[in-house]
Every structure is written in structure tokens, then in C-alpha cells.
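For reference, the chains in residue letters:
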Amino acid sequence: MAKLSSSEQEKVELEHQAAKIFMRCYERDSGHEIRHLWHNRPSKPDVSCRLEGERLDLEIAHLYGSELEAKQILGRELNEETCLELRNLDSMTQPEERLLKALNRILYNKSLKHYRSERVWLVIRNAHPAWDRTQIEALRNKIDVPPSHPFEQIWMVGDWEGESGIIKLFPCALH
């Protein structure tokens, strides 16, 4: 296997960290055993695990509030396209609108992806320290999950450490 660059290794570590937090919360909340995390190559979702013994693939995304915050959390430079999107988001919206716009942007971008996998869940980890489960749940009726996407389920980790728990965004009985 080829050696990963430091930024690639950092990305893998962040994905694993987010997946572990999600798995711990999911198991606690549902009582279903979810174990054995491993990383995948491109064209597959980021990580895989076993849910009740069956393979489940997880695509991981992180929700940031601004370009500066994303760089601070990641400890590295971002690609120009991501920087531009974050700059536009930061300059064109009020802080309370940024959560919804950033989340809907992630949902739209991820809806366009295709995976070589039978079963994929999207897990979005909130990385913004001012947002948590309460703010996310308050926006539930405004969150725009595209009608067509490759995900069986979509979840959010409410905060960086997962202390506020996880929120199921799709399918959601509250809509």
C-alpha cells in the first residue's frame, strides 16, 4: 500500500475519529452492535464497519462555520474551491443562517456522488463549536435533503466530541 501524505493521513484520522464517535453514539442509542472500522479506497465510502454483523459503509463529512475555523480544526490549507465556498458562505450569510446553508451545501454535494457499495450511510460531524444538536434539530423542517441521493440513512453528530448525541436527518419521521 502506498504511503499517505500528511494531509491524506490527517483526513483518514478525522474520518476514523468521526466514525468512531458516530458508532459509539449509534450503538448506545439503538442497542445495535456496530463494530470493526476500516478505511476504504476512492470510489468506496470513506470507512466500513459491521452493523449487527452485516457490512455497512459510511461516508464522512465535516460541517464547518468558516474558512478560518476549518483551517484551524484541520491544521492545514484547504483546496481553493472549498476556500471559495466557505468565504462566500461567511460573507453572504448571518451566523444563524450559516449552519443551514453549510449543511444543505454538504447534502447537495454528497447527493451527486456514486459509490461501489450496496449500503451507504452519510455521517456529518458538526465541527462548529457554537452549533449543537439543539440548533440542528430546530432547523429540521428547513434542512434540504435532495430527493435523489445514494444514502440509505443520513445522520449528524451534533458536536465535535459527540457529547450532544446524533440526529437522524433521513429518513426522518418528523418531516
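About the cut-offs
Residues numbered from 1 in each chain as written. Predicted model: local features only at pLDDT ≥ 70, side-chain atom pairs only at ≥ 80, totals over all residues. Heavy atoms only, no water. Helix = DSSP H or I, 4+ residues; strand = E, 2+ residues; numbered from the N terminus. Buried < 20%, exposed > 50% of the residue type's maximum accessible area, 1.4 Å probe, protein only. Contact = heavy atoms within 4.5 Å. Core = buried A, V, L, I, M, F, W, Y, C linked by side-chain atoms within 4.5 Å. pLDDT = per-residue confidence, 0-100. Phe/Tyr/Trp six-rings, centres within 6.5 Å; stacked < 30°, edge-to-face > 60°. Salt bridge = Lys/Arg side-chain N within 4 Å of Asp/Glu carboxyl O. Polar contact = N/O pair within 3.5 Å; in protein donor to acceptor, adjacent residues only side chain to side chain. Pairing = 2+ DSSP bridges. Axes fitted to C-alpha atoms, helices over the stretch in contact; angles between N-to-C directions.

In terms of helices and strands, the protein carries five helices and six strands. Its helices and strands in sequence order give the protein the pattern α-β-β-β-α-α-α-β-α-β-β, from N to C terminus. Across the 175 residues that make up the protein, the buried fraction comes to 46%. Counting only contacts in the protein whose residues sit at least 6 apart along the sequence, the fraction spanning at least 24 positions is 61%.

Among the nonpolar cores identified, the biggest contains 22 residues, and Leu63, Leu103, Leu107, Ile124, Ile143, Ile154 and Met156 are the most heavily contacted of them. Those elements that place two or more of their residues in this core are strand S3 (54–63), helix H4 (95–111), strand S4 (120–126), strand S5 (153–157) and strand S6 (166–170). Leaving out residues up to four positions away in the same chain, leucine 107 has contacts with Leu122, Ile124, Ile143, Asp144, Val145, Pro146 and Ile154.

The next point concerns the confidence of the model for the protein. The predicted model of the protein has a mean per-residue pLDDT of 86, with 86% of residues at 70 or higher. Element-level pLDDT for the protein is lowest in helix H2 (residues 67–74), with a mean of 64, against a maximum mean of 98 in S5.

It is worth spelling out the packing of aromatic side chains at this point. Inspection of every chain in the model, using the stated rule, returns seven aromatic pairs. On the basis of an interplanar angle of 65 degrees and a centroid distance of 5.3 Å, the ring pair of tyrosine 26 and tryptophan 121 is categorised as edge-to-face. Linking tyrosine 26 in helix H1 (residues 6–30) with tryptophan 121 in strand S4, this pair joins segments that are 95 residues apart in sequence. You'll find tyrosine 26 and tryptophan 121 in the same group, each marked buried. Consider the rings of tyrosine 115 and phenylalanine 151, whose centres lie 5.9 Å apart with planes at 50 degrees: the pair is tilted.

Another aspect to go through is the pattern of salt bridges. Enumeration according to the criterion identifies nine salt bridges in this entry. Between glutamate 33 and arginine 35 there is a salt bridge, with the nearest N and O atoms lying 3.7 Å from each other. Note that arginine 133 and glutamate 137 form a salt bridge whose closest N and O atoms lie 3.1 Å from each other. Of this pair, arginine 133 and glutamate 137 both sit in helix H5 (residues 133–138), separated by four residues, roughly a single helical turn. Overall, the relative accessible area of 25% leaves arginine 133 in the partly exposed class. Each of Lys11, Glu15 and Asp46 takes part in one network of salt bridges that share partners.

Attention shifts here to the environment of glutamate 15. Inspection of the secondary structure puts glutamate 15 in helix H1. Distance in space between the C-alpha atoms of glutamate 15 and isoleucine 60 is 5.9 Å, their sequence separation being 45 residues. In contact with glutamate 15, other than residues within four places in its own chain, are His39, Asp46, Ile60 and His62. At 2.3 Å, the side chain of glutamate 15 and the side chain of lysine 11 are in polar contact.

An order of S1-S2-S3-S4-S5-S6 is seen for the six strands of this open sheet, with the pairing classed as mixed. Strand pairing shows two members of the sheet lacking a second neighbour, strand S1 (34–39) and S6, which therefore form its edges. The average undirected angle you get between the axes of adjacent strands in this sheet is 30 degrees. Sheet strands in contact with H1 are S1, strand S2 (47–51), S3, S4, S5 and S6, and its direction is about 170 degrees off that of S1.

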